[in-house]
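# Tertiary structure, described
Each chain, letter by letter, is given below.
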Amino acid sequence: MPVTTKVVKQPNMSFMVRIYFPAIFQGLALTGWHFFRNLTLHILHKFDLFKDVPAAVTYQYPEEKRPLAPRLRSRHRLTKRSNGSPRCVACMMCETVCPAHCIYIVADEHPDPNIEKRPKRFDIDLGICVYCGFCVEACPEDAIRMDTQILDIAAYSREGMYLTMDDLLNPENHGAIVLRDPKRPQPASQ
Amino acid sequence: MLEHVISSTILSGIMIFNVINLAALHTWLERKQSAVMQDRIGANRAHIGPFRLLGLFHPLADAIKMFFKEDFVPPSGHRVLHTLAPFLSMVFALITFAAIPFGDVLRIGDMEIGLQPANLNIGVLYILAMLSMVVYGVVLAGYSSNNNYAFLGGLRASAQMISYEVTLGLTIMGLVMIYGTLNLQEMIRWQGRLLFGFLPAWGVFMQPLGFLLFLAAGIAETKRIPYDIPEAESEIIGYFTEYSGMKFGMYFFTDYVETILLACMSTALFFGGWQVPFLRSGGFHWGGTLVLGLPHLLVTLMQIGSFTAKVLAFCWFFMLIRWTLPRFRYDQLMKVGWKMMLPLSLANLLATAVILVMVGN
Ligand code: SF4
Ligand code: SF4
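A brief structural summary.

Scoring rules and cut-offs
- Residues numbered from 1 in each chain as written.
- Chains lettered and ligands numbered in written order.
- Predicted model: local features only at pLDDT ≥ 70, side-chain atom pairs only at ≥ 80, totals over all residues.
- Heavy atoms only, no water.
- Helix = DSSP H or I, 4+ residues; strand = E, 2+ residues; numbered from the N terminus.
- Buried < 20%, exposed > 50% of the residue type's maximum accessible area, 1.4 Å probe, protein only.
- Areas by Shrake-Rupley, 256 points an atom, 1.4 Å probe, with all protein chains shown as cover.
- Lys, Arg positive; Asp, Glu negative; His and termini not counted.
- Charge placed at Lys NZ, Arg CZ, Asp CG, Glu CD.
- Near = heavy atom within 4 Å.
- Nonpolar A, V, L, I, M, F, W, Y, C, P; charged D, E, K, R; others polar.
- Axes fitted to C-alpha atoms, helices over the stretch in contact; angles between N-to-C directions.
- Parallel < 35°, antiparallel > 145°, perpendicular 65-115°, else oblique.
- Left-handed = near helix turned anticlockwise from the far one by under 90°.
- Contact = heavy atoms within 4.5 Å.
- 1 Å grid on protein atoms, 1.4 Å probe; cavity = no way out; pocket = protein on both sides within 12 Å on 5 of 7 lines; lining within 4 Å.
- Sits in = over half its atoms within 2 Å of the grid points.
- Polar contact = N/O pair within 3.5 Å; in protein donor to acceptor, adjacent residues only side chain to side chain.
- Points joined across faces, edges and corners; volume = space filled by probe spheres on them.
- Buried area = accessible area lost by both parts, 1.4 Å probe.
- Salt bridge = Lys/Arg side-chain N within 4 Å of Asp/Glu carboxyl O.

## A few points about the overall build of chain B
Helix and strand counts for chain B stand at eleven helices and seven strands. The burial tally for chain B puts 53% of its 361 residues in the buried class. As presented, chain B carries roughly 16,400 Å² of accessible surface, and 72% of it is formed by carbon and sulfur atoms. Placing the 22 positive and 20 negative side-chain charges of chain B at their respective mean positions leaves the two points 6 Å apart.

## Section: the site of ligand 2
Near ligand 2 lie 13 residues; those nearest to it are Cys88(A), Cys91(A), Met92(A), Cys94(A) and Cys139(A). Here the shell around ligand 2 is built from residues that sort into 13 nonpolar, no polar and no charged.

## What about the packing of helix α9 (residues 245–270) of chain B against helix α10 (residues 296–322) of chain B?
Residues and elements named next belong to chain B. Following both chains from N to C, one finds α9 and α10 inclined at 125 degrees, their axes separated by 8 Å at the closest point. What the angle tells us is that α9 and α10 run oblique. Handedness of the crossing formed by α9 with α10: right-handed. Only Phe307, Lys310, Val311, Phe314, Cys315 and Phe318 of α10 make contact with α9, whose side of the interface consists of Thr259, Ile260, Leu262, Ala263, Cys264, Ser266 and Thr267. Residues that form the contact of α9 with α10 fall into these classes: nine nonpolar, three polar and one charged.

## What to know about the site of ligand 1
Residue and element names in this part refer to chain A. Residues in close proximity to ligand 1 total 14 residues, the closest being Cys98, Cys129, Cys132, Gly133 and Cys135. Placement of ligand 1 is best described as lying within the largest cavity. Split into classes, the residues belonging to the shell around ligand 1 amount to twelve nonpolar, two polar and no charged.

## Remarks on the side chain of Arg156(B)
Residue and element names in this part refer to chain B. Structurally, Arg156 can be placed in helix α5 (residues 148–179). Side-chain polar atoms of Arg156 contact the backbone oxygen of Ile229, separated by 3.1 Å. Apart from residues no more than four positions distant in its own chain, Arg156 is found in contact with Ile229, Pro230, Ala232, Glu235, Ile236 and Tyr330.

## Regarding the side chain of Gln185(B)
Residues and elements named next belong to chain B. Turning to its location among the elements, Gln185 is positioned in helix α6 (residues 184–190). Engagement of the side chain of Gln185 in a polar contact is seen with the backbone oxygen of Gly103, the distance being 3.4 Å. For Gln185, the residues in contact, after removing those within four places along its chain, are Pro101, Gly103, Leu115, Gln116, Asn119 and Trp274.

## Thoughts on empty space enclosed by the protein
Residues and elements named next belong to chain A. One pass over the structure, following the stated rule, counts seven cavities of 30 Å³ or more. In this model, the largest cavity occupies a volume close to 80 Å³. Lining of the largest cavity is provided by 14 residues; of these, Cys98, Cys102, Cys129, Cys132 and Cys135 occupy positions nearest its centre. For the lining of the largest cavity, the per-class residue count stands at twelve nonpolar, two polar and no charged.

## Looking at the interface of chain B and chain A
Taken residue by residue, the interface counts 20 residues in chain B and 23 residues in chain A. Per-residue buried area on chain B facing chain A is highest for Val36(B), Asp39(B) and Ile41(B); these three make up 29% of the total on that side. Applying the counting rule to chain B against chain A returns one salt bridge. Measuring nitrogen to oxygen at the nearest pair gives 3.0 Å for the salt bridge that ties Arg45(B) to Glu63(A). Our enumeration of links across chain B and chain A arrives at nine residue pairs in polar contact (both at pLDDT 80 or more). Mapped onto the side of chain B that touches chain A, the elements with two or more residues apiece are α1 (2–37), α10 and α11 (330–360) of chain B. Per-element accounting of the side of chain B that touches chain A gives the leading share, four residues, to α10(B). Looking at the side of chain B that touches chain A, its residues break down into 13 nonpolar, four polar and three charged.

Here you go:
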């Protein structure tokens, strides 16, 4: 194969570019304008004026949460029937489709003869989950959803990332889960 | 004699106190100003009780952190020099302020105190000399760390200092020719004159090109962006690679002290130091007549205030530059220094000399 060469032309810089100063002053004017604009707005905000013009694009995170898109895949939850029991029928679809193998279900006989099964245990190990959302798509019963908008999932140990059915049914207890003792129930054997 | 010692001690104390505190405040200014410039909010979480004070406690937290960090000396480094180096930088940067006048003569009773820690008649030379000494600390840091990155940083620092100190000296020479003195206090007094009867005869109006070159070379002297080749965190970590804790803090601090020094020098040399336009001893003058009479103490206070305000404005401006411009590449740095700024400063000097001779005749 013949050697091909590519001639890179040096940009032809004019005198004004080469002496740097005009560009430098342009840059200083831009940042200076931002500085004075934002400073004025910060001061006005202290007096409750022009509150709708933001002086910074920052979200002050723990106090002020960033608005999230409704379809964002966040922490899982299990939906409930009207009597409060899980909708899940333990069909194992989600466990089968899960690419990370992080859903562990133990099925049980349902007391109602019209319903075939119910989960005895339904655990998700969030430490392994890749948030692909396949479980939600696979579910025939709309029993599992990822719409809690909970993103601050953190724990002191791997066991702390392990959600039981109780946690999944009650996502509003999330804060308590994060801070709970790392001694969590042992993962169910697959 | 005794009064002289006492007044000098007090004046130095005031100077050192203000400089060190302003340098500590620079860490706050750095965070906050960069944040405001970039549409952010900046560090505001450090608090004492419910008080956050716009993040003013962060410098305090920094200091506590630095003091309690491990003080590490690389086993193959030179222990004594490694410890000595940050102190060298710091001390020379601080004692440079001895020659900076922050006010005119203060008269208490029949005692006259020049508001300047040391009234040196070669003030400008003293400042230039001490400023070049600062780089020894940097070079020593690179040498004694026995680390190639640090060594490279030290070498770059010395190359940069040599290149830019020439320009710095030459731009100041233009002013020395105009003012006819090396004494900073006298230089500032000279700037109390008026050009064409209305424009204050500040250095910046007489040497505009000289001022730009001085600023550029001066910022190179402070080793901050766009001239932070000796540090250049993203290429070589810098001459302080092997420093930790407060010793690193001292280098950090030296940069700020040098920034303040540059602000003081620009103010004194180019912006009339403590001069307030039209304010002379006794009050405001216009066209040779006294318009508004003021007591001596008030005039002195206004002059000190004017000096402080100018220095703070320069500090702000240097921060603006630091957060606006990218870093020069090494070859660009050398090219700008030797091929652009040096010839320009020489031409400036020549033009000044020619004009001075013509006006003098
Ligand atoms: S989001 Fe994906 S990885 Fe996580 S549990 Fe559902 S299927 Fe498994
Ligand atoms: S796919 Fe739905 S119904 Fe089936 S086991 Fe999973 S959550 Fe339950």
